[in-house]
Amino acid sequence: MRGAAYFSRFDNDSSLTKVEALSEGNAFEMLLKDRVELVISVEDTADHASGYLQLPSQQIVKMPYRYKDIIYGHMAVSKQFADTSLAKEIQSQLHALVRNGRLTELVKAYNLPAVTLIKENY
């Protein structure tokens with residue numbers, strides 16, 4: 001995916017020819033048109049995308065490769081918005097969802113690890 005980071009060994013491997021995709025759907029289209037040989041994706045979102053796009057499953061084979069690493073999700077806002085009361089309320093509510101376990105419950109359906117706060121700002 002365009003702008004994605006996977007893991008250091010892959011990200012820094014200059015011997016591979018990598019083609020960035022705008023979306024998983026776009027990546028699968030390139031695969032089916034023989035423009036790329038392989039698509040790298042998070043399995044759950046790839047499964048969802050292939051089902052949603054009604055891709056021909058007989059033409060796609062999942063590889064049994066897994067790489068376990070911690071993946072952090074981030075939300076970015078402009079500096080101007082970050083100083084607003086709305087941004088501070090959003091941050092407060094997100095922290096509350098993490099602390100009470102609700103956010104972890106929400107991501108369980110995607111087989112993602114528990115959500116934790118990296119740094120509490122208040």
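Owing to the predicted nature of the structure, the values given are computational and were not obtained by experimental measurement. Numbers given to residues run from 1 along each chain, matching the order in which its sequence is written. Note on the predicted model: pLDDT of at least 70 is required for a residue's local features to be given, and 80 or more for side-chain atom pairs to be given and counted; whole-chain, interface and lining totals, by contrast, use all residues. Excluding hydrogens and water, the side-chain values take into account all heavy atoms of the structure.

**Student:** Any chance you could explain the pattern of salt bridges here in plain terms?
**Tutor:** Opposite charge on two side chains lets them pair, provided their charged atoms get close. In the sections that follow, a salt bridge refers to a side-chain nitrogen of Lys or Arg positioned within 4 Å of a carboxyl oxygen of Asp or Glu. Tallied over the entire structure, the rule returns two salt bridges. Salt-bridge contacts for arginine 2 lead to glutamate 20; the nearest nitrogen and oxygen are separated by 3.5 Å. Taken together, the residues span a long stretch of sequence, with arginine 2 in the segment before helix H1 (8-11) and glutamate 20 in the loop between H1 and helix H2 (24-32) at a distance of 18 residues. Burial classes: relative accessible area under 20% of the type maximum marks a residue as buried, over 50% as exposed, and values in between as partly exposed (1.4 Å probe, protein chains only). Residue glutamate 20 is classed as partly exposed on the basis of its relative accessible area, which comes to 47%. For glutamate 105, the salt bridge is made with lysine 108, and the minimal N-O distance between the two is 3.0 Å. Put simply, DSSP marks the helices as runs of H or I at least four residues long and the strands as runs of E at least two long, and each gets a number from the N terminus on.

**Student:** Which parts of the structure should I look at to understand a nonpolar patch on the surface?
**Tutor:** A cluster of nonpolar side chains, namely Met75, Val77, Leu86, Ile90 and Leu94, defines an oily patch on the protein surface of about 430 Å² accessible area. With respect to the helices and strands, isoleucine 90 occurs in helix H5 (residues 85-99). Two distance rules govern patches: like charges are joined within 9 Å, and nonpolar side chains (Val, Leu, Ile, Met, Phe, Trp, Tyr) within 5 Å, applied only to residues with over 30% relative accessible area and no salt bridge. Using a 1.4 Å probe, accessible areas were evaluated by the Shrake-Rupley method; residue-level cover was limited to the displayed protein chains.

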